Amino acid sequence: MTFSRQKHLSYWAFVLPGLLVFVAIIIFPVVFSLSLSFTTWKGYGSPTFIGMENYAKIFADSVFLHSLRNNLLIVAISVFGQIPLGFLLAFLLYRKVVRHGAFYQTMIFLPITISPVVVALLWNQIFSSSGIIVTIVRAATKNPQYVMEIFEDKSLAIVPILFVLLWMHTGTYMIIYYANLQKMTPSVLEAAQLDGASEGQMFAHIILPSMVGTIATTAIFAISGSLKAFDLIYAMTGGGPAHFTEVIAIYMYVNTFKYYKYGFGSAVSIVIVVLAVGLILLLQYISGKIERKFE
Amino acid sequence: MKRYSTVGKVLSYLLMISFTVLTVVPLVWMILSAFKPHAEIVRHPLMPPLSWYFDNFVLAWTQGHLGIYFLNSIFYSVVATVVTVLLALSGGYALSKFFYRSGKFIYMLYTLGLLITVHSVIVPLFIMETRLGISNTRLGVVLPYIAFGLPFQVFLSTTYIKGIPDSIQESAIIDGANYFQIFWRIIIPVATPIISTMFIYTFLGNWNEFILVLTLTSELSIRSLPVGINSFAGGMSRDYGLQFAALVIGTVPMIIFYLIFRDKIAQGFAAGATKE
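First, a word on scope: everything that follows refers to the structure included in this document. Nothing here was measured: the structure is a model prediction, and the numbers come from that model. (Residues numbered from 1 in each chain as written. Chains lettered and ligands numbered in written order. Predicted model: local features only at pLDDT ≥ 70, side-chain atom pairs only at ≥ 80, totals over all residues. Heavy atoms only, no water.)

What about a nonpolar patch on the surface?
Residue and element names in this part refer to chain B. A grouping of L71, I74, V78, V82, L86, F180, W184 and F199 is seen on the molecular surface, where their side chains present a nonpolar patch of about 710 Å² in accessible area. Elements represented by at least two residues in the nonpolar patch include exactly helix 4 (66-97) and helix 9 (179-190). Along the polypeptide, F180 turns up in helix 9. What makes F180 partly exposed here is its relative accessible area of 37%. (Patch = residues over 30% accessible without salt bridge, like charges linked within 9 Å, V, L, I, M, F, W, Y side chains within 5 Å. Areas by Shrake-Rupley, 256 points an atom, 1.4 Å probe, with all protein chains shown as cover. Salt bridge = Lys/Arg side-chain N within 4 Å of Asp/Glu carboxyl O. Helix = DSSP H or I, 4+ residues; strand = E, 2+ residues; numbered from the N terminus. Buried < 20%, exposed > 50% of the residue type's maximum accessible area, 1.4 Å probe, protein only.)

Topic: the pattern of salt bridges
Summed over all chains, the structure comprises 3 salt bridges over all chains. Residue E53 of chain A is joined to K57 of chain A by a salt bridge in which the shortest nitrogen-to-oxygen separation is 3.9 Å. Of this pair, E53 of chain A and K57 of chain A are both found in helix 2 (residues 53-60), 4 residues apart, which corresponds to roughly one turn of the helix. We classify E53 of chain A as partly exposed; its relative accessible area is 40%. Here K97 of chain B ties to D166 of chain B by a salt bridge, and the two come within 2.8 Å at their closest N and O atoms. Of the two residues, K97 of chain B is situated in helix 4 and D166 of chain B in helix 8 (residues 166-174); the sequence distance between them amounts to 69 residues.

A few points about the packing of helix 8 (residues 186-194) of chain A against helix 9 (residues 199-210) of chain A
All names here are of chain A. Between helix 8 and helix 9, the shortest axis-to-axis distance is 11 Å and the interhelical angle comes to 140 degrees. Considered as vectors, helix 8 and helix 9 are oriented oblique to each other. Helix-helix and strand crossings are classified by hand; for helix 8 and helix 9 the assignment is right-handed. On helix 9, the residues touching V188, L189, A192 and Q193 of helix 8 are E199, M202, I206 and I207. Class assignment for the residues of the contact of helix 8 with helix 9 results in 6 nonpolar, 1 polar and 1 charged. (Axes fitted to C-alpha atoms, helices over the stretch in contact; angles between N-to-C directions. Parallel < 35°, antiparallel > 145°, perpendicular 65-115°, else oblique. Left-handed = near helix turned anticlockwise from the far one by under 90°. Contact = heavy atoms within 4.5 Å. Nonpolar A, V, L, I, M, F, W, Y, C, P; charged D, E, K, R; others polar.)

Some words on the packing of aromatic side chains
All told, the structure shown has 46 aromatic pairs over all chains when counted by the stated rule. Ring geometry for F22 of chain A versus Y110 of chain B: centroids 4.6 Å apart, planes at 35 degrees, classification tilted. Taken as a pair, F22 of chain A in helix 1 (residues 3-36) and Y110 of chain B in helix 5 (residues 101-115) lie in two separate chains rather than in one. Residue class for Y110 of chain B comes out buried when judged on its relative accessible area of 4%. Arranged with centres 5.0 Å apart and planes meeting at 80 degrees, the rings of F35 of chain B and W52 of chain B form a pair that is edge-to-face. On the criterion of sequence distance, the pair formed by F35 of chain B in the loop between helix 1 (6-33) and helix 2 (38-43) and W52 of chain B in the loop between helix 2 and helix 3 (55-63) is long-range, its members being 17 residues apart. F35 of chain B sits in the buried class, given a relative accessible area of 13%. Among the aromatic residues, ring-to-ring pairing joins Y11, W12 and F14 of chain A together with Y93, F98, Y100, Y179, F180, F183 and W184 of chain B into one connected group. One cation-aromatic arrangement involves K7 of chain A over Y100 of chain B; the distance from NZ or CZ to the ring centre is 5.4 Å. (Phe/Tyr/Trp six-rings, centres within 6.5 Å; stacked < 30°, edge-to-face > 60°. Lys NZ or Arg CZ within 6 Å of the ring centre and 35° of its normal.)

A look at the interface of chain B and chain A
If you look at the interface, chain B gives 91 residues, while chain A gives 97 residues. Carbon and sulfur atoms supply 78% of the area buried between chain B and chain A, which totals about 8,800 Å² over both sides. For the pair chain B and chain A, the interface holds 0 salt bridges. Joining chain B to chain A, the criterion identifies 14 residue pairs in polar contact (both at pLDDT 80 or more). Taken together, the residues of the side of chain B that touches chain A break down into 67 nonpolar, 19 polar and 5 charged. (Buried area = accessible area lost by both parts, 1.4 Å probe. Polar contact = N/O pair within 3.5 Å; in protein donor to acceptor, adjacent residues only side chain to side chain.)

Below you can see the structure in the form of structure tokens.
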């Protein structure tokens, strides 16, 4: 056996096992899903081709549109809430503004280890009529009948969920930014400090520009993560009451596994992928512009 | 040296402390409530337990079948994590040190996989597994765990192994070593730091996974802890004490895991967003 042949065989032996599992379970089903999305199928018999009908139905359904709105709010809370707050916390830790930074860091990052299902049930208890918030409000207002009505409001029911998402994920962004801030060469900041730059100037002119790339990458995670939000909301409200807190992933799940509309469900999942890719391309366009501005 | 105004410092502490309080208070409340019977939780929600009531844990563990779920969680997490990390390492080695043209394409395919969510494949996956007869089996759960773990782990291992100098491999080849020996005796030992990060990060994801087990299994005997805990939410029991006990059982092992491996977990998350 020649050497280059041995190299070639070794290469495939290393790469093929993983690749086969990956292609069989992810790439092939994506293609399968795309073709199913043009059909109507109940899970038995053969699928009937119906062209774009599923997609037309999706965008005409008010439940879907409300779910889409909820998803976009989740994207907004992560891009304009979790990311800036996470960055601010990382900056304060990096510049050692507070003492015992390691302790705060450990505490704020902790929710990441807890399963979304546990987080959901825990916060349901906190919001419940025998939970922390209601008990405190009842004691403070001397109104023993107080309950949280926010869940009954079609447009506001998603707000407590947004808060829990903020609680869960801000620490993750803090950790990511903190690790990347530590990679900066300290001499740059020291030199700026000697030149009399204020903390605010260093933040705006040195730290922020050097982090644009990292922020853009995390924003990509935030967007794709927000669009697939499922576990937490499924366990917290299941999308209810009356679809008020439904998101696209739950909409897909219910249509597929409750009503057995496999073709329709596939079309919804394709919409999720297209939305994610579209938002990410938009983001890369914007962050490219910002990066050029700083250069 | 005074770099910050007093107002700035006060605001900074306020921010740090409020985030910390928001983490600690719910968890402490959860643990304390788990030691109270249902009636006491409803009547005095904020009080610490009058006496330490352990029955919640016993009942949750037996009635909720948490023992089975716990063992299944361990099985899925350990098996899927070990296989994922091994496959990702061998793949990462092939993609970073063999310089074949197909490697670039395969790497791109994996990168694409980072964007694909569980939801976009769950319908066909469910159909495929039913047809193949592996739905409702442990294999049917482990395989998707591996597939969804791979893209990010391949990314981590490829970038790390790329940083190992080529000269080490070349001199080993001159000494007569074959590629498998190089992989086991050189690449794996040198890559230990990233391997532990990969292990812990993958384990965490597998341990908390919910939707795959929920859809691909229906038999109690092969479901995992998140699904088991979720069943405490609705129909099964309106007993808050049991629910809190189940939450504690699901949370405390992970908090201990976190306190031990905090730095490694942080590295896993940070590595994902590093711009090359």
